[in-house]
There are 2 protein chains.
Amino acid sequence: MSILVVGSVAFDTVRTPFGEGREVLGGSATHFAVSASFWTPVRLVAVVGEDFTDEHREPLRLRSVDLAGLATAKGRTFRWAGEYGDDLNTARTLDTQLNVFAEFRPEIPHGWHDTPLLFLANIDPELQWEVLEKVHGAKLVAADTMNYWIASKPAALEKLLTRVDLFLVNDAEIRQLTGERNLVRAAESLLAKGPAAVVVKRGEHGVVVFDRNGAFALPAYPLRVVKDPTGAGDAFAGGFLGYLSSRGLDGERDLRRAAVVGSVMASYQVEDFSLDRVLKLTEPEIRERYEDFSRLTRFDPLP
Amino acid sequence: MSILVVGSVAFDTVRTPFGEGREVLGGSATHFAVSASFWTPVRLVAVVGEDFTDEHREPLRLRSVDLAGLATAKGRTFRWAGEYGDDLNTARTLDTQLNVFAEFRPEIPHGWHDTPLLFLANIDPELQWEVLEKVHGAKLVAADTMNYWIASKPAALEKLLTRVDLFLVNDAEIRQLTGERNLVRAAESLLAKGPAAVVVKRGEHGVVVFDRNGAFALPAYPLRVVKDPTGAGDAFAGGFLGYLSSRGLDGERDLRRAAVVGSVMASYQVEDFSLDRVLKLTEPEIRERYEDFSRLTRFDPLP
């Protein structure tokens, strides 16, 4: 099965205690696409500016990401600059230049309207809705968002939730969105709005998946080196949905495996800047860390 | 096997968004003892004031905690008052009255010097050392601490670490103690000082156990209701060490089970104020939540 992702392609300038990446390839759709590409064919819908060269396309092409939906508009590519302090959990945004992204109206290439799995990465929920309507053949729709949209377009988000099967949020966002501090009740209130599963990303604390059968919780992999957390959430989503796609969108057992695969991809993502680590990944490395997760979390029944 | 715990017995006044407990029975040794008592015989060493009545002793007696080491001194019992906001992870201390605890010099009753398992709950590390020296027959020594001692008596803590087998700390404390922000490297630096295992308590994010074989990570149980987090860390320690004690201090497999048992006890602890929930616990309930933890965390290998 294929996945269609709509989101941002950007140049990031990131400072962390471990170094700096200047105008490196980033954006939610980029990180998602590269991560998912290890599992399933990926179609990318986004916009870049005239400064986005063939060289910049190369990493995505190497991963066989279909770029027929990557439009080029007059102007400069979206830029984000941020820094992380010792607490690598939260980025401080230093600069955002929307550039061509300000006028982004996603065009779905011919033949992509029935892509089975659709991922609406973090963009304006009104655009997410537009894409959702256009990709009418999707069997499964997943969406992400961020604090900015929760605050500025709550009604559009509420509407989106009624049509989304899998909703991905982080710890702070789910509390902001539901006004509920308790995570279980916050997830229940989102599940009541439509999604079959709510995936709460907790950064260095792992992930919890809530669905009608209960919860699945997985700690993050304890890494000795975290160089740059940028893109971790998108790499998670890419692994999560890429795996589900490769399995034909199967049931709960696969939802759990998918959350582990997502965590594996995110754990590699943060080991270096931009796509530096992920592009070097091999299948044995992915399988090895999956088994590491199993060793990390398994315990025996009480005697 | 028996456990000897030295720590505080206190009257707590606690306010949370879910209610208030006024002058309720608390203290690290109390919460530890009650929790551990579900698994193993417990001997308690602490001090109370003349205001500590037989009625106050009753819950501990009901759990068959041996109170031969509970001294009564002239004056009032240690009092702590604190409150939790919406973020139930951190308490704000409103008042601390050390009272008889200020002059506490732990006396070890006759016949207790060779108790196989010794838990040094959060008290002055110099007193912890004194008790460690006196209970010379202990086969396994575990210790807890807090930010106050890390800041005020780092040398005494460093010394203690060379003689402790299991060291329990929380997230913030291990970073403060080691000056290392990365959890893996922080744990490695503590392991290098002596302990065979370092247990990092992360509140609502669960627990990670580091030893020479690697790490075991367990998420916290997602609860719909958390009324009062006071005593969660001590209930965890009680379950953790109580279980190890019941198993004769066995190897890594039991260390993992012990961390799950600790998490089970902590999850019940926070469901109500003081000892209100824990005192009502039954063995089937404990086993049921252990199985809930298994359901919460298990996943299959990749196909």
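Here is a short report on the structure shown in this document. What you see is a predicted model, and the numbers here were worked out from it, not measured in a lab.

Regarding the relation of the copies chain B and chain A
- Relative to chain A, chain B is turned by 180° and slid 0.0 Å along the rotation axis, the superposed coordinates differing by an RMSD of 0.0 Å. In symmetry terms, the pair is related by a two-fold rotation axis.
- Take the interface residues of chain B: 100% of them recur as interface residues in chain A, which is what a same-surface contact looks like.

Looking at the sheet that holds strand E1 (residues 3-6) of chain A
All names here are of chain A.
- Read across the open sheet, the 9 strands follow the order E5-E4-E1-E8-E9-E10-E11-E12-E13; overall the sheet is mixed. One side of each edge strand has no neighbouring strand; the edge strands of this open sheet are strand E5 (66-72) and strand E13 (214-218). This sheet shows a mean twist of 15° between the axes of neighbouring strands, independent of strand direction.
- Here 4 bridges tie E1 to strand E4 (residues 42-48), and the two strands are oriented parallel to one another. Its bridge partner lying in E4, Val5 is registered against Leu44.
- Together, E4 and E5 form the strand contacts of helix H2 (residues 54-62), whose direction differs from that of E5 by roughly 155°.
- Lying over the sheet, helix H6 (residues 171-178) contacts strand E10 (166-170) and strand E11 (197-201), oriented at roughly 105° with respect to E10.

A closer look at the interface of chain B and chain A
- On the chain A side, the residues contacting the 44 residues of chain B number 44 residues.
- For the pair chain B and chain A, the two sides together bury roughly 3900 Å², of which 54% comes from carbon and sulfur.
- Interface area lost by chain B to chain A is led by B:Arg224, B:Phe299 and B:Leu302, which between them contribute 20%.
- At the boundary of chain B and chain A, one finds 8 salt bridges.
- Of the charged contacts in the structure, one is a salt bridge between B:Glu188 and A:Arg224, with a shortest N-O distance of 2.8 Å.
- Across the chain B-chain A interface, the total number found is 22 residue pairs in polar contact (both at pLDDT 80 or more).
- If you list the elements that add at least two residues to the side of chain B that touches chain A, you get helix H6 (171-178), helix H7 (183-191), strand E13 (214-218), helix H9 (252-269) and helix H10 (283-297) of chain B.

Notes on unusual backbone geometry
Residue and element names in this part refer to chain A.
- At Asn99, a residue that is not glycine, the phi angle is positive and equals roughly 50°.
- In this fold, Asn99 is placed in the loop between strand E7 (91-97) and strand E8 (117-120).
- A relative accessible area of 29% means that Asn99 is categorised as partly exposed.

Here we look at the packing of helix H1 (residues 28-36) of chain B against helix H8 (residues 232-246) of chain B
Residue and element names in this part refer to chain B.
- Closest axis-to-axis distance for the H1/H8 pair is 7 Å, and the angle between their directions is 40°. By the angle between their directions, the pair H1 and H8 is classed as oblique. Where H1 crosses over H8, the two elements pack in a sense that is right-handed. The residues of H8 that touch H1, namely those facing Ser28, His31, Phe32, Ser35 and Ala36, are Asp234, Ala235, Ala237, Gly238, Gly239, Leu241 and Gly242.

Cut-offs used in this document
Residues numbered from 1 in each chain as written. Chains lettered and ligands numbered in written order. Predicted model: local features only at pLDDT ≥ 70, side-chain atom pairs only at ≥ 80, totals over all residues. Heavy atoms only, no water. Least-squares fit on C-alpha atoms with pLDDT ≥ 70 in both. Contact = heavy atoms within 4.5 Å. Pairing = 2+ DSSP bridges. Helix = DSSP H or I, 4+ residues; strand = E, 2+ residues; numbered from the N terminus. Axes fitted to C-alpha atoms, helices over the stretch in contact; angles between N-to-C directions. Buried area = accessible area lost by both parts, 1.4 Å probe. Salt bridge = Lys/Arg side-chain N within 4 Å of Asp/Glu carboxyl O. Polar contact = N/O pair within 3.5 Å; in protein donor to acceptor, adjacent residues only side chain to side chain. Buried < 20%, exposed > 50% of the residue type's maximum accessible area, 1.4 Å probe, protein only. Parallel < 35°, antiparallel > 145°, perpendicular 65-115°, else oblique. Left-handed = near helix turned anticlockwise from the far one by under 90°.

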